[in-house]
Amino acid sequence: MRIDKITIEGYRRFNKSVINLNHGNFAILAGANNSGKTSLIQLLDFVFNNSLRRSLSFNDFSISLKSLLDKRIKKLNLPSNFDGDEFMNFIDYIDENIKIKLQIILSYDIEESIGLFANYLMDLEDDMHSFYFEYNYRLNTKKIREEFIEQDTKSAEILQEIIERNTESIYFYADKDFNNKKIIESKDFKKLFHFEYISADRELDDENLKNKKITTSIISSSDSTDRNSIWDSKFDELKNKIANDLAESEIDSSIQKEAQQVLSDLKDSLDNVSKNEIEALEAKFHFNEKNLLNLIKDSLLINYSHSTDEFLFSLTEESQGLGVSNLIYMSLQIDRFRRTIQPTTVNLFVIEEPEAHMHIQMQKVLVSYIETIFSKQKNLQGIITTHSTEIVKNVDVNDIKVIRSENNFMNRIVDLHQFIVNNGDKKFYETFFKLNFADLIFSDAVIFYEGDAERMYFESLINRKHSKYINLTRQYISYCQCGGAHAHKYFPLLNELRMTACVFTDIDYDKEREELEGIDSDKSSNATLNSILSGENKNVGSIYQQQRENRRKNIEVFTQTCHDGYSRTLEEAILYNLLFPIPP
């Protein structure tokens with residue numbers, strides 16, 4: 001059983017976004033800081049997990065939904081006018097339209113056991129091997145209606161307050177169109193999912209934890225009740241021995257005597273304050289498996305060992321730095337989750353920003369380990385969020401989902417696998433993306449250039465003091481070295497990501513030309529320049545004409561013109577303008 005698709009609507013910065021998981025066993029959610037990666041993972045944690053570390057509130061509704069709600073409240077024209085029928089129409093409207101929605105599509109192989117899911121099967125066709133679930137975080141319109149009608153003063157402000165404090169969560173199972181839906185209890189829904197989440201705030205900087213991070217992880221990942229675990233029968237033997245030793249020590253009796261003396265001293269005062277039935281205090285040992293496990297955690301310390309020709313010595317965890325501890329800790333957590341996979345449930349493991357405290361080589365090691373684990377486990381899926389160029393560069397480009405910021409503080413998710421399927425040229429994107437373009441997906445804008453001279457020149461223009469391009473220094477600019485033969489192949493991706501880009505490329509007309517006469521008829525070998533020309537007259541004259549046109553597109557191509565002395569390259573153009581500067 002696996003998740004094929006998760007659709008999220010009306011949540012924070014996401015009006016409607018899709019996370020496809022039907023390609024490969026894990027997905028990379030890549031985005032710049034503040035792009036909404038953590039928001040998405042927190043929502044998944046709340047919906048799938050049994051933990052109570054996260055809950056939703058009215059503030060989690062998207063800006064669009066809040067704006068829509070505000071317009072509908074203003075339309076009621078409170079408090080000057082209260083129309084009961086109009087208010088009921090308002091209630092019906094917000095009940096239907098103001099909600100956070102998360103839809104999940106699961107699939108299974110025909111030979112799989114679906115016993116745990118059998119009660120939620122609504123499509124009975126032979127060729128259908130899917131389950132459909134939906135989570136809603138919505139307004140409790142029944143309570144809103146009842147509370148507002150009881151108000152003596154019916155103002156917009158009071159209605160807003162009532163709305164914000166009356167929300168509810170509901171789970172459904174549904175048909176493939178999500179039209180026919182039936183309620184499923186939250187606890188029953190969460191039994192279908194084995195979910196774990198390693199948060200970015202995993203307290204790596206806490207001195208008490210970082211020195212024993214690996215120790216704690218290994219102990220926690222071992223089930224003392226499992227007879228096939230590392231504990232074998234030793235755990236029970238140790239528990240019984242300590243329990244017997246505690247009993248024989250009579251420490252409990254000594255503590256009881258001291259407590260009894262304290263009670264005796266307080267008895268008269270207690271009787272004067274209130275009637276009570278306390279006659280004595282009893283101290284008893286209650287030593288169980290949990291106590292023993294905590295004792296072992298506190299007492300055991302796993303060190304790194306290192307040997308030389310002369311002797312063996314140990315190094316504590318903190319001696320290797322947070323990066324090593326983080327790498328080993330996450331690897332152990334993934335392995336523990338892998339060993340606890342439940343074959344009858346959906347198994348989803350999420351890691352938020354694993355690159356914390358890791359240098360580039362460590363990130364490569366982690367990605368390689370994750371790929372190995374997930375490729376071997378058919379029924380194990382994972383989601384990794386990152387803003388690391390190195391992690392993005394070292395995974396399959398088809399596994400990457402890019403979170404891009406839009407206008408009005410909204411975001412969307414671009415699925416690179418789906419993009420490649422729709423646009424073809426799979427080999428080009430898979431090859432060139434890994435080479436040097438991984439940071440493109442995190443940037444605000446892109447500058448394509450031909451060679452090192454161009455890059456140095458552009459960076460100097462942007463970064464010099466009092467530059468008229470000073471605003472560009474506040475943006476994340478990706479510099480991509482790509483000649484005119486290939487730059488145009490990135491245009492579909494740039495459009496999909498809705499990015500602004502400048503392409504600086506050489507005009508590349510006939511090298512053998514020694515005179516200007518007839519130059520307009522020459523052909524350029526630059527495929528990118530030729531791609532932006534319309535009609536059949538793809539020649540130098542057409543390029544010069546195109547360069548004179550107004551520029552309003554998100555992708556613009558710049559090259560040398562007649563104003564640069566008919567030069568063929570940037571270097572020649574710079575030299576010409578130095579020798580023959582344009583008068584001010």
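Please read all numbers here as calculations on a predicted model, not as lab measurements.

The rules behind these values
- Residues numbered from 1 in each chain as written.
- Predicted model: local features only at pLDDT ≥ 70, side-chain atom pairs only at ≥ 80, totals over all residues.
- Heavy atoms only, no water.
- Helix = DSSP H or I, 4+ residues; strand = E, 2+ residues; numbered from the N terminus.
- Buried < 20%, exposed > 50% of the residue type's maximum accessible area, 1.4 Å probe, protein only.
- Contact = heavy atoms within 4.5 Å.
- Areas by Shrake-Rupley, 256 points an atom, 1.4 Å probe, with all protein chains shown as cover.
- Patch = residues over 30% accessible without salt bridge, like charges linked within 9 Å, V, L, I, M, F, W, Y side chains within 5 Å.
- Salt bridge = Lys/Arg side-chain N within 4 Å of Asp/Glu carboxyl O.
- Core = buried A, V, L, I, M, F, W, Y, C linked by side-chain atoms within 4.5 Å.
- Polar contact = N/O pair within 3.5 Å; in protein donor to acceptor, adjacent residues only side chain to side chain.
- Expected span 1.5 Å × (residues − 1).
- Arc of directions from axis to C-beta.
- Disulfide = S-S within 2.5 Å.

## Notes on the overall build of the protein chain
Regarding its fold elements, the protein chain presents 21 helices and 18 strands. The 584 residues of the protein chain split such that 44% are buried. Within the protein chain, contacts between residues at least 6 apart in sequence are counted, and of these 71% link residues at least 24 apart. Taken as a whole, the protein chain presents about 31,600 Å² of accessible surface, with 48% of it coming from carbon and sulfur.

## Some details on a nonpolar patch on the surface
On the surface, Y457, I574 and L578 cluster together into a nonpolar patch covering about 280 Å² of accessible area. Tracing the backbone shows I574 in helix 21 (residues 570-579).

## Structural notes on the nonpolar core
Grouped together as the largest cluster of nonpolar side chains are 62 residues, with contacts concentrated most on I400, L440, I441, F448 and L494. With six residues, helix 13 (residues 360-376) is the largest single contributor of residues to this core. Setting aside anything within four residues of it in sequence, one finds L494 in contact with L440, V446, F448, M499, A501, N554 and I555. Membership of the second largest hydrophobic core comes to 61 residues, among which are L21, F87, I144 and Y171.

## Let's talk about the environment of N166
With respect to the secondary-structure elements, N166 resides in the loop between helix 5 (156-165) and strand 6 (167-174). With relative accessibility at 7%, the residue N166 sits in the buried group. Through-space distance from the C-alpha of N166 to that of N140 is 5.4 Å; in sequence the pair is 26 residues apart. For N166, the residues in contact, after removing those within four places along its chain, are R138, L139, N140, K143, I144 and E147. Reaching out from N166, the side chain makes a polar contact with the side chain of E147 at a distance of 3.4 Å.

## Structural notes on helix 13
Counted at 1.5 Å a residue, the expected span for helix 13 with its 17 residues is 24 Å, and the 25 Å between its end C-alpha atoms agrees. Residues of helix 13 that are buried include every one of M362, Q363, L366, V367, I370, I373 and F374, and no others. Relative to the axis of helix 13, the buried residues are bounded by an arc of 135° and lie together on one face. The exposed residues of helix 13 that point more than 90 degrees off its buried face are S375 and K376.

## Observations concerning the state of the cysteines
Counted under the stated rule, the structure contains zero disulfides. Take C480: it sits in no disulfide, and the sulfur closest to it among the cysteines is that of C482, at 8.0 Å. Overall, the relative accessible area of 0% leaves C480 in the buried class.

## Considering unusual backbone geometry
The residue after L78, namely P79, is reached through a cis peptide bond having omega 0°. Relative to the elements of secondary structure, P79 occurs in the loop between helix 2 (63-75) and helix 3 (84-97). Phi at F178 takes a positive value of approximately 60°, unusual for a residue other than glycine. Here F178 shows up in the loop between strand 6 and strand 7 (181-184). Among the residues examined, F178 registers a relative accessible area of 11% and is labelled buried. The phi angle at E353 is positive, at roughly 50°, despite the residue not being glycine.

## Topic: helix 17 (residues 452-463)
Here helix 17 is twelve residues long and its end C-alpha atoms lie 16 Å apart, about the 16 Å a rise of 1.5 Å per residue gives. Regarding helix 17, the residues found buried are E454, F458 and I462. Seen along its axis, helix 17 keeps its buried residues to an arc of 55°; they face one direction. What points out from helix 17, more than 90 degrees from its buried face, is the exposed set D452, M456 and N463. Contacts from the buried residues of helix 17 go to strand 15 (445-449), strand 16 (477-481), strand 17 (500-504) and helix 21.

## Digging into the environment of A438
Positionally, A438 belongs in the loop between helix 16 (426-436) and strand 15. Given a relative accessible area of 2%, A438 falls into the buried group. As for A438 and C480, which are separated by 42 residues in sequence, their C-alpha atoms are 9.7 Å apart. In contact with A438, other than residues within four places in its own chain, are T389, V392, K393 and F433.

## Regarding the pattern of salt bridges
In this structure the tally under the stated criterion is 15 salt bridges. With a shortest N-O distance of 4.0 Å, E353 and K37 are connected by a salt bridge. Of this pair, E353 sits in the loop between strand 11 (346-352) and helix 13 while K37 is found in helix 1 (residues 37-48), placing the two residues 316 residues apart along the sequence. Several salt bridges converge on common partners, so that one network encompasses K187, D188 and K191.

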